[in-house]
Structures are given as C-alpha cells and as structure tokens.
Amino acid sequence: MSKQDYSNHTRFYYPHHFIFYPVVTLLTVYCIRQSFVKPDRHFEWMTLGIVFILLAWLSFMMRQHYALTIQNRTVRLEMRLRYYQLTGKRLEELEDELTFARIAALRFAPDEELPALVQATLERNLSAKEIKKSIKNWLPDEVRV
C-alpha cells in the first residue's frame, strides 16, 4: 500500500461510487430520454426518472449521515485520548475553539507533531486544509469510511 498523505487520503467505496451511482444515473438519463422519445408516456417516464433521482439522493444522504456521525464521534474520542496521553491536558477544554474539521485534520498528525500543531492551530487560526498541509510526517488513517 502506498504511503498516505494529503494528496491521496480520499477513499472510495467501489460498489457504491462506481456501480450503484453510475447505474442510477444511467437509468435516470434513460427515463428522461424516453419521456421525450415517447411523448404519450412522458408523465410515466419522468415520474420514474424522479424516483431514481430521489433514490440516489436518499442513498447518498443516509450513507453519509450514518457513517459520518459514527466516524466523527470516534475521531473526536480518539483525539481526546491522544491529546491527553501526549500532554496530560484535556482536549475538551479547547474544543470550543477548534471546529470538528480542524480536529479531524489534526488526527493525521503523528504524536510528535500533534501538541505543537494544536497550539499553532489555536494561535494562527489555521484551517483544516492548512493543518493537513503543515503535517510533515503524515499519520495514515486506512480504516475510515
């Protein structure tokens, strides 16, 4: 497996991204096309196309909602534990000043960089993207959703 860093940390779920969504997209396009090719059945084809659009949207929202809610809780707990183990201080005291996006970005920092990067984030108001770019020795996360 290649070394994970900022440029390659995005992950895909192949059955969902490369099978389900393309099939639903093709079916939607087919239905819309058929609604114009067969004007006597326009309403039925458009209705079916709208059903496919809603199915894709619902699938995306549910998948994102459930997986990301659990993942966000896990990331926050992981960062609280790591920060406490490294500094002896509770991260909860700083969480009001850190957004979740920043906390999630900080998880890619190795233990030796994390405390200083948290301080730099608070002092310089770094964005999540800036945090990720400033990590020198990227800590990969191979099991996230």
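Only a predicted model underlies this, so the values are computations on that prediction, with no experimental measurement involved.

## What about the overall build of the chain?
Part 1 of the reasoning: Looking only at helices and strands, one finds 5 helices and 0 strands in the chain.
Part 2 of the reasoning: For the chain, the α and β elements follow one another from N to C terminus as α-α-α-α-α.
Part 3 of the reasoning: Taking 2.2 N^0.38 as the reference for a compact globule, 145 residues should give roughly 15 Å; the C-alpha atoms of the chain span a radius of gyration of 22 Å, well beyond that estimate.
Part 4 of the reasoning: Projected onto the principal axes, the alpha-carbon positions of the chain cover approximately 70 × 35 × 25 Å.
Part 5 of the reasoning: In the chain, which comprises 145 residues, the proportion classed as buried is 32%.
Part 6 of the reasoning: In the chain, the share of contacts with a sequence separation of at least 24, taken over all contacts with a separation of at least 6, comes to 67%.
Part 7 of the reasoning: Side chains of the chain give 20 positive and 16 negative charges; the mean places of these two sets differ by 6 Å.

## Observations regarding the packing of helix α1 (residues 14-37) against helix α2 (residues 42-87)
Part 1 of the reasoning: Closest axis-to-axis distance for the α1/α2 pair is 7 Å, and the angle between their directions is 160°. In this view, α1 runs roughly antiparallel relative to α2, as classed from their interaxial angle. Handedness of the crossing formed by α1 with α2: left-handed.
Part 2 of the reasoning: When the residues that make up the contact of α1 with α2 are grouped by side-chain class, the tally is 16 nonpolar, 8 polar and 1 charged.

## Quick notes on the pattern of salt bridges
Part 1 of the reasoning: Across all of its chains, the model carries 6 salt bridges by this definition.
Part 2 of the reasoning: Between E95 and R80 there is a salt bridge, and its shortest N-O distance comes to 2.7 Å. Of the two residues, E95 sits in the loop between α2 and α3 (100-106) while R80 sits in helix α2, which places them 15 residues apart along the sequence.
Part 3 of the reasoning: E95 gets classed as buried once you look at its relative accessible area, which sits at 13%.
Part 4 of the reasoning: Measuring nitrogen to oxygen at the nearest pair gives 2.9 Å for the salt bridge that ties D111 to R82.

## Describing the confidence of the model for the chain
For residues with low pLDDT, the predicted coordinates do not support detailed interpretation.
Part 1 of the reasoning: Summary statistics for the chain give a mean pLDDT of 92 and a share of 98% for residues scoring 70 or more.
Part 2 of the reasoning: α2 is the least confidently modelled element of the chain, averaging 92 in pLDDT, while helix α4 (residues 114-124) averages 97, the highest of any element.

## Details of the packing of aromatic side chains
Part 1 of the reasoning: Throughout the structure, instances matching the rule amount to 6 aromatic pairs.
Part 2 of the reasoning: Ring-pair connections join several aromatic residues into one group, and the members of that group are F12, Y14 and F18.

## What about the packing of α2 against α4?
Part 1 of the reasoning: In contact at an axis separation of 10 Å, α2 and α4 are set at 110° when each is read in the N-to-C sense. Put simply, α2 runs roughly perpendicular to α4. Residues M79, R82, Y83, L86 and T87 of α2 touch α4, and the partners they reach there are L114, P115, V118 and Q119.

## Some points on a nonpolar patch on the surface
Part 1 of the reasoning: A contiguous nonpolar surface patch, about 800 Å² in accessible area, is contributed by I50, L54, W57, L58, F60, M61, M62 and Y66.
Part 2 of the reasoning: For M61, the location among the structural elements is in helix α2.

Calculation rules
Residues numbered from 1 in each chain as written. Predicted model: local features only at pLDDT ≥ 70, side-chain atom pairs only at ≥ 80, totals over all residues. Heavy atoms only, no water. Helix = DSSP H or I, 4+ residues; strand = E, 2+ residues; numbered from the N terminus. Rg over C-alpha atoms; globule rule 2.2 N^0.38 Å. Buried < 20%, exposed > 50% of the residue type's maximum accessible area, 1.4 Å probe, protein only. Contact = heavy atoms within 4.5 Å. Lys, Arg positive; Asp, Glu negative; His and termini not counted. Charge placed at Lys NZ, Arg CZ, Asp CG, Glu CD. Axes fitted to C-alpha atoms, helices over the stretch in contact; angles between N-to-C directions. Parallel < 35°, antiparallel > 145°, perpendicular 65-115°, else oblique. Left-handed = near helix turned anticlockwise from the far one by under 90°. Nonpolar A, V, L, I, M, F, W, Y, C, P; charged D, E, K, R; others polar. Salt bridge = Lys/Arg side-chain N within 4 Å of Asp/Glu carboxyl O. pLDDT = per-residue confidence, 0-100. Phe/Tyr/Trp six-rings, centres within 6.5 Å; stacked < 30°, edge-to-face > 60°. Patch = residues over 30% accessible without salt bridge, like charges linked within 9 Å, V, L, I, M, F, W, Y side chains within 5 Å. Areas by Shrake-Rupley, 256 points an atom, 1.4 Å probe, with all protein chains shown as cover.

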